[in-house]
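Structural features, examined
Single-letter residue listing:
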Amino acid sequence: MTAERSVAMSWLEILLIGAGLSLDVLAYALCRGAVIAEVSKKNLAKMCAMFLIWNLISLTAGNLLTEIPLFKQEAGKASQLSNYMSVLIFVGLGIYLIVKAVREKMGEEHKIEHFEFRKLAVWTAITSVDVFLAGIGFGFQETAFFKTMISLLVLTPISVVAGVYIGYWAGCQARRKIVTAGGCLLLLGAAELLLRLT
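Description of the structure in this document. Since the model is a prediction, treat every value here as computed from it, not as a measurement.

**A closer look at the packing of aromatic side chains**
Evaluated as defined, the whole model comprises four aromatic pairs. When the ring of tyrosine 165 is compared with that of tryptophan 169, the centres are 5.3 Å apart and the planes differ by 40°; the resulting orientation is tilted. Of this pair, tyrosine 165 and tryptophan 169 both sit in helix 6 (residues 145–170), four residues apart, which is roughly one turn of the helix. In this structure tyrosine 165 comes out as partly exposed when scored by relative accessible area, which is 24%. Through pairs of rings, three or more aromatic residues link up here, namely Tyr28, Phe51 and Trp123.

This is the structure we're talking about:
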């Protein structure tokens, strides 16, 4: 009996997942924008670059993990299972973001004079874990890497720039709602994929 092949993800599903992950980045940028004394284009460019680099590394690592010969061979024997593993990964990420938003405590906003790149490095590494897991989910579906990379290259800098400026002008009171919306988009992308699988 021939094993059923993985179902490649559509652009809609990729964009829903990508937008959900990017809203988590936007929420962080929102809080950075709320505490800086002024928006520096140089610092903003550095922030975009750091998020992009970490996210691209994580996305690539997640995809490559599913390309390991032994791993790929086992997944190929049960490709239907790998299809649903992708759905579970995206559902798990969506639930994680929603729970994180609910549990998060809003801190006071204190203006800072200097951009704290050490803290930024830590947060870019933390948020990239979600992208790594999503990369595994994309890899299970044999999704064309260039599609996920394009969505990341477009959505990440937009999220950083928008988050910093919105935070600078309006504060970060909307952070929880934004993270929750990101979680909902991930769940929506997972639901869309599940509908095509069944």
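**A look at the pattern of salt bridges**
A complete count under the given rule lists three salt bridges for this structure. As a salt-bridge pair, glutamate 13 and arginine 196 come within 2.7 Å of each other at their nearest N and O atoms. A residue pair is termed long-range when its members are at least 10 positions apart, and glutamate 13 in helix 1 (residues 11–35) and arginine 196 in helix 7 (residues 175–197) qualify at 183 residues. With a shortest N-O distance of 2.6 Å, glutamate 104 and arginine 175 are connected by a salt bridge. Of the two residues, glutamate 104 sits in the loop between helix 4 (79–103) and helix 5 (117–140) while arginine 175 sits in helix 7, which places them 71 residues apart along the sequence. We classify arginine 175 as buried; its relative accessible area is 6%.

**What about the side chain of threonine 124?**
The residue threonine 124 is located in helix 5 in this model. Excluding anything up to four places from it in sequence, threonine 124 contacts Met50, Phe51 and Trp54.

**Notes on the packing of helix 1 against helix 6**
Axis angle and axis distance: for two packed helices, these are the angle between their axes and the distance between the axes, and together they describe the pair. Their axes nearest at 7 Å, the elements helix 1 and helix 6 cross at an angle of 30°. In terms of axis orientation, helix 1 runs roughly parallel to helix 6. Crossing of helix 1 against helix 6: the hand is right-handed. The residue inventory of the contact of helix 1 with helix 6, partitioned by class, reads 15 nonpolar, nine polar and one charged.

Reading the values: rules and limits
Residues numbered from 1 in each chain as written. Predicted model: local features only at pLDDT ≥ 70, side-chain atom pairs only at ≥ 80, totals over all residues. Heavy atoms only, no water. Phe/Tyr/Trp six-rings, centres within 6.5 Å; stacked < 30°, edge-to-face > 60°. Helix = DSSP H or I, 4+ residues; strand = E, 2+ residues; numbered from the N terminus. Buried < 20%, exposed > 50% of the residue type's maximum accessible area, 1.4 Å probe, protein only. Salt bridge = Lys/Arg side-chain N within 4 Å of Asp/Glu carboxyl O. Contact = heavy atoms within 4.5 Å. Axes fitted to C-alpha atoms, helices over the stretch in contact; angles between N-to-C directions. Parallel < 35°, antiparallel > 145°, perpendicular 65-115°, else oblique. Left-handed = near helix turned anticlockwise from the far one by under 90°. Nonpolar A, V, L, I, M, F, W, Y, C, P; charged D, E, K, R; others polar.

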